[in-house]
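Examining the three-dimensional arrangement
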Amino acid sequence: MEDITNRVVDYIRPGPYRLDWDSLMTTMDIVEKFEENCCVMRYTTAGQLWNIISPREFVDFSYTTQYEEGLLTCGISLNYGEVRPNFIRGFNHPCGWFCVPLKDRPDQSLLTGFIQTELRGMLPQSAVDTAMASTLANFYSDLRKALKK
């Protein structure tokens, strides 16, 4: 990513920027805030593959902290509240993003994601694989565009 670590993480963690650029995310609410970098968030995602995969809702615990020379933002889904009508509750197993400045280019960052999403519902594995690959490609593309603004 052609930007500094703090700014990259500000765009991916729960907060005001995410809905502006993430084309998959349709809503995001901070349900509980424990401290500045720690919260429970509820968010929804758009249907995918011509709605073969219907819209999903997730409720995640999210925590962002400094780690070595970079920033780590991590999360895990919680069983929390009722599922909104017309959504299927997805589940994120422990996952996160680690962002570090490049040694010889501190104005650029390396963003590494570890995602373990269970979409749930009766879905063919091939549809899940296609959707996840497309989602990650769009995530990085959308993030790059947002950071250039």
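If you're wondering where the values come from, they're calculated on a predicted model, not measured in any experiment.

What counts and how
Residues numbered from 1 in each chain as written. Predicted model: local features only at pLDDT ≥ 70, side-chain atom pairs only at ≥ 80, totals over all residues. Heavy atoms only, no water. Helix = DSSP H or I, 4+ residues; strand = E, 2+ residues; numbered from the N terminus. Rg over C-alpha atoms; globule rule 2.2 N^0.38 Å. Buried < 20%, exposed > 50% of the residue type's maximum accessible area, 1.4 Å probe, protein only. Contact = heavy atoms within 4.5 Å. Areas by Shrake-Rupley, 256 points an atom, 1.4 Å probe, with all protein chains shown as cover. Lys, Arg positive; Asp, Glu negative; His and termini not counted. Charge placed at Lys NZ, Arg CZ, Asp CG, Glu CD. Core = buried A, V, L, I, M, F, W, Y, C linked by side-chain atoms within 4.5 Å. Arc of directions from axis to C-beta. Pairing = 2+ DSSP bridges. Axes fitted to C-alpha atoms, helices over the stretch in contact; angles between N-to-C directions. Parallel < 35°, antiparallel > 145°, perpendicular 65-115°, else oblique. Left-handed = near helix turned anticlockwise from the far one by under 90°. Nonpolar A, V, L, I, M, F, W, Y, C, P; charged D, E, K, R; others polar.

What follows covers the overall build of the chain. Counting secondary structure elements, the chain contains three helices and nine strands. For the chain, the sequential pattern of α-helices and β-strands runs α-α-β-β-β-β-β-β-β-β-β-α. For a compact globule of 149 residues, the expected C-alpha radius of gyration is about 15 Å, and the chain comes in at 15 Å, within 12% of that figure. When each of the 149 residues of the chain is scored for burial, the buried share is 38%. Considering only contacts in the chain between residues 6 or more positions apart, those separated by 24 or more positions represent 51%. Carbon and sulfur atoms form 55% of the exposed surface of the chain, whose accessible area is close to 8700 Å². Side chains of the chain give 15 positive and 19 negative charges; the mean places of these two sets differ by 4 Å.

Next up on the list: unusual backbone geometry. A positive phi is found at N51, a non-glycine position, where the angle reads about 65 degrees. Mapped onto the elements of the fold, N51 is located in the loop between strand 2 (38-45) and strand 3 (56-67). For N86, which is not glycine, the phi torsion reads 70 degrees and is therefore positive. Following the sequence through the fold, N86 ends up in the loop between strand 4 (70-77) and strand 5 (88-89). With relative accessibility at 74%, the residue N86 sits in the exposed group.

Next up on the list: the nonpolar core. V8, I12, W21, L111 and L143 are the most contacted members of the largest nonpolar core, which totals 14 residues. Counting only elements with at least two residues in this core, the list comes to helix 1 (5-12), strand 7 (95-102) and helix 3 (125-148). Residues contacting L111, with those up to four places away along its chain left out, are M1, V8, I12, W97, F98, C99, Y140 and L143. M41, Y43, I53 and A131 belong to the second-largest nonpolar core, a separate cluster that totals nine residues.

Let's shift gears to helix 1. Where helix 1 is concerned, the buried positions are T5, V8, V9, Y11 and I12. In an axial view of helix 1, the angular spread of the buried residues amounts to 155 degrees, which keeps them on one side of the axis. Close packing links the buried residues of helix 1 with helix 2 (18-21), strand 3, strand 4, strand 7, strand 8 (105-114) and helix 3.

This part is about the pairing of strand 1 (residues 25-35). In the sheet, strand 1 pairs with strand 2 via eight bridges, with the strands oriented antiparallel. When the sheet's bridge partners are listed, D29 is paired in strand 2 with R42. Counting the residues that bridge the hairpin from strand 1 to strand 2 gives two residues.

What follows concerns the environment of M28. Summarising the element assignment, M28 is placed in strand 1. Distance in space between the C-alpha atoms of M28 and S134 is 21 Å, their sequence separation being 106 residues. Those residues within four positions of M28 in sequence are excluded, and the remaining contacts are P14, G15, R18, L19, M41, R42 and Y43.

What follows covers the packing of helix 1 against helix 3. One can describe the packing of helix 1 onto helix 3 by two numbers: an axis separation of 11 Å at closest approach and a directional angle of 120 degrees. Comparing their axes, helix 3 and helix 1 come out oblique. The two elements helix 1 and helix 3 cross, and the hand of that crossing is right-handed. Of the residues in helix 3, those in contact with R7, V8, Y11 and I12 of helix 1 are F139, L143, A146 and L147. In the contact of helix 1 with helix 3, the residues fall into seven nonpolar, no polar and one charged.

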